[in-house]
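Next come the chains, spelled out residue by residue.
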2 protein chains.
Amino acid sequence: MLTTQRKQVILSRLHRDGQVVAKALSEEFGLSEDTIRRDLRELAAEGHLQRVHGGALPASPATGDFVQRQAINPADKSSIARRAAWMVQPGQVVILDGGTTCVCVARELPLSLAATVVTHSPSVAVELMNHPHIEVILIGGRLFKHSMVSVGAATIQAIADIRADFYFMGVTGVHADAGLSTGDLEEALVKRAFAARAAEVVVLASREKINAASPFVIGPATMATTVVVERDTPASATNDLAALGIGIVRT
Amino acid sequence: MLTTQRKQVILSRLHRDGQVVAKALSEEFGLSEDTIRRDLRELAAEGHLQRVHGGALPASPATGDFVQRQAINPADKSSIARRAAWMVQPGQVVILDGGTTCVCVARELPLSLAATVVTHSPSVAVELMNHPHIEVILIGGRLFKHSMVSVGAATIQAIADIRADFYFMGVTGVHADAGLSTGDLEEALVKRAFAARAAEVVVLASREKINAASPFVIGPATMATTVVVERDTPASATNDLAALGIGIVRT
DNA sequence: GCGTATCGTGCAGTTGCGTGCAATGTCAAT
DNA sequence: ATTGACATTGCACGCAACTGCACGATACGC
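Residues numbered from 1 in each chain as written. Chains lettered and ligands numbered in written order. Predicted model: local features only at pLDDT ≥ 70, side-chain atom pairs only at ≥ 80, totals over all residues. Heavy atoms only, no water.

Colleague: Describe the interface of chain B and chain A, with residues and values.
Modeller: The interface is formed by 27 residues belonging to chain B together with 35 residues belonging to chain A. In this assembly, chain B and chain A are joined by nine residue pairs in polar contact (both at pLDDT 80 or more). Taken together, the elements giving at least two residues each to the side of chain B that touches chain A come down to helix 1 (3–17), helix 7 (122–127), strand 6 (134–138) and strand 7 (141–144) of chain B. Element by element, the count of residues in the side of chain B that touches chain A is highest for strand 6 of chain B, at five residues. Counted by class, the side of chain B that touches chain A contains 14 nonpolar, 10 polar and three charged residues. Two elements, strand 7 (residues 141–144) of chain A and strand 6 of chain B, share two bridges in a ladder whose sense is antiparallel. By the bridge assignment, Arg142(A) is partnered in strand 6 of chain B with Ile137(B). (Contact = heavy atoms within 4.5 Å. Polar contact = N/O pair within 3.5 Å; in protein donor to acceptor, adjacent residues only side chain to side chain. Helix = DSSP H or I, 4+ residues; strand = E, 2+ residues; numbered from the N terminus. Nonpolar A, V, L, I, M, F, W, Y, C, P; charged D, E, K, R; others polar. Pairing = 2+ DSSP bridges.)

Next up, the structure:
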């Protein structure tokens, strides 16, 4: 295994589990802890993670704690979320992805709205508890802690039973060439499965996601029917997407 | 668990409950009180909290709101929940029911515990977010808002794939003749399905549930292996159950 | 005022960390 | 084929961090 590959794996572990332990990694790779520590130090120097005694934690804003991430830039996220929530008409069936942005969408749905929401995120389900007229379908599976969504074979199977009007998809990268991408393979597969079951796929892309790419590809950019971006996003950033026939909605 | 993470968790506990108690934290983390006090001292030195005798309070004057304070004193429920949480051994697979009592059980599970928790309650899933070594399996289905649990055919099907060591069941009635019962038919069916997939069924019965009966029957009282009751429950109230060979555990 | 719980400090054992150095492997130029 | 520059890795050593225990001091409840 090449050193570069090893570092990639360390980063993906960090993203998946929200933490890595030096000793555990050394056993997993069959290398000395010295080598692992060297890797961690270098990754920390590049700003990819935060070094702590015993291992490492994710770098700055996206701290392992989902609750803390939720508190980041609530204004930005909720403007996109509010715009997305407006798209839902009474009686429709919509799929709500996991992630902090989609929790905001749930929060922005009118209390009087009568609709059906399908989600694989317990956080979204809890958020919808107080919406009396929204029927919630919870998709089960193995819970991926970092993003608080269920993933895996059971999740994919359950998704096959659904047919929805909208799928509100959260991503970490939208790029005309690289397509829609996210930081975890299992999550990418679930998103792909959801996209196949919805008439319209709406991608929620806050500023830093546009023209970015993450390790795992969900599908081509044209998988998205619409991309919701913030009002002040420059047209130059969205022209490539619009040229593919993807609708661009500004908040 | 890394030291840095532990401090993060302490701060989030502080934010959630409006207070932390050194002794409780030491038990939760499985560490000596010395270590916890050291953490608290360091966090206080960094200005993240205010040290007081017995524990710590938030640094900012903004104490937790009413809802959060209300959650502090569920002394009744948490005594039963704590006793139940003690029964879980590392490596086991346990099913956690919905309901407020089972959310308390999730909260009382040690942070260091490595186990698998199966639940059909998004609230329980969210509560377990901060337990780094607990694998959560979420059972999906149609969400029954009143109890915040998934129910229905999809739920029953998903349960069939599970085999667990324990099932911690919440009920609204335990009666030697009338059996175990609850207030909703769909919920009763789900509880019955869970009970069939666990080696031991542990019923959590706060005082008012004992010798009570609700409209929908889950099964005979002997479906329960053990019933956990509060310490001061009179023997006269549990004799009928004990006569059926059901274990009675007092907190 | 007194008993108990909690606190702070010093100490020791364990674990993790960083640096320097040597061994090995790779690659390119000679 | 040989040589030298370079990267990668493991090992040894000293140092720092973490943790638990013991002891005396302090605060709290009755």
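From this point, things continue past the structure.
Colleague: So what's going on with the protein's contact with DNA strand C? Residues and values would help.
Modeller: With respect to spatial proximity, 18 residues lie near DNA strand C, and among them Arg37(A), Gly54(A), Arg37(B), His53(B) and Gly54(B) are the closest. In DNA strand C, atoms within 4 Å of the protein come 79% from sugar and phosphate. Taking Arg41(A), its side chain carries an N or O atom lying 3.4 Å from a phosphate oxygen of DNA strand C. For the surface near DNA strand C, the elements supplying multiple residues, two or more each, are helix 2 (22–29), helix 3 (33–45) and strand 2 (49–52) of chain A together with helix 3 (33–45) and strand 2 (49–52) of chain B. A breakdown of the residues in the surface near DNA strand C according to their chemical character gives three nonpolar, six polar and nine charged. (Near = heavy atom within 4 Å.)

Colleague: Give a description of the domain arrangement of chain A that names residues and reports values.
Modeller: Once the domains are mapped, chain A shows domain 1 (3–58) and domain 2 (68–250). Centre-to-centre separation of domain 1 of chain A and domain 2 of chain A, based on C-alpha positions: 30 Å. (Domains from an automatic or database assignment.)

Colleague: Lay out the sheet that holds strand 3 (residues 55–58) of chain A with the relevant residues and their values.
Modeller: Residues and elements named next belong to chain A. Pairing in this open sheet of three strands is antiparallel, and the strands run 1-3-2 from one edge to the other. The sheet terminates laterally at strand 1 (20–21) and strand 2, the two strands that pair on one side only. In this sheet, strand 3 lies alongside strand 2 in antiparallel orientation, the contact comprising four bridges. Along strand 3, the bridge assignment pairs arginine 51 with alanine 56.

Colleague: Which residues make up unusual backbone geometry, and what values do they have?
Modeller: All names here are of chain A. The phi angle at methionine 148 is positive, at roughly 55 degrees, despite the residue not being glycine. Inspection of the secondary structure puts methionine 148 in the loop between strand 7 and strand 8 (149–151). Judged by relative accessible area, methionine 148 falls into the buried class, the value being 0%. (Buried < 20%, exposed > 50% of the residue type's maximum accessible area, 1.4 Å probe, protein only.)

Colleague: Mind laying out the environment of Glu28(B), listing which residues take part and the relevant values?
Modeller: Residues and elements named next belong to chain B. Structurally, glutamate 28 can be placed in helix 2 (residues 22–29). Distance from glutamate 28 to proline 110, taken between C-alpha atoms, is 4.7 Å for residues 82 residues apart in sequence. In this structure glutamate 28 touches Arg13, Arg107, Pro110, Leu111 and Ser112, once residues within four positions along its chain are discounted.

Colleague: I'd like a description of the environment of Val9(A), backed by residues and values.
Modeller: Within the secondary structure, Val9(A) is located in helix 1 (residues 3–17). Note: C-alpha distance between Val9(A) and Leu25(A) (16 residues apart in sequence) is 9.9 Å.

Colleague: Break down the side chain of Gln5(B) for me, with residues and values.
Modeller: Within the secondary structure, Gln5(B) is located in helix 1. Owing to a relative accessible area of 14%, Gln5(B) belongs among the buried residues under this scheme. If sequence neighbours within four positions are ignored, Gln5(B) has contacts with Gly18(A), Gln19(A) and Leu57(A).

Colleague: Describe the packing of helix 1 of chain B against helix 2 of chain B, and please don't skip the residues or the numbers.
Modeller: Residue and element names in this part refer to chain B. For the pair helix 1 and helix 2, the least separation of the axes is 12 Å and the interaxial angle reads 130 degrees. Considered as vectors, helix 1 and helix 2 are oriented oblique to each other. Relative to helix 2, helix 1 is oriented so that their crossing is right-handed. Here Arg6, Val9, Ile10 and Arg13 of helix 1 lie close against helix 2, whose contacting residues are Leu25, Glu28 and Phe29. Residues that form the contact of helix 1 with helix 2 fall into these classes: four nonpolar, no polar and three charged. (Axes fitted to C-alpha atoms, helices over the stretch in contact; angles between N-to-C directions. Parallel < 35°, antiparallel > 145°, perpendicular 65-115°, else oblique. Left-handed = near helix turned anticlockwise from the far one by under 90°.)

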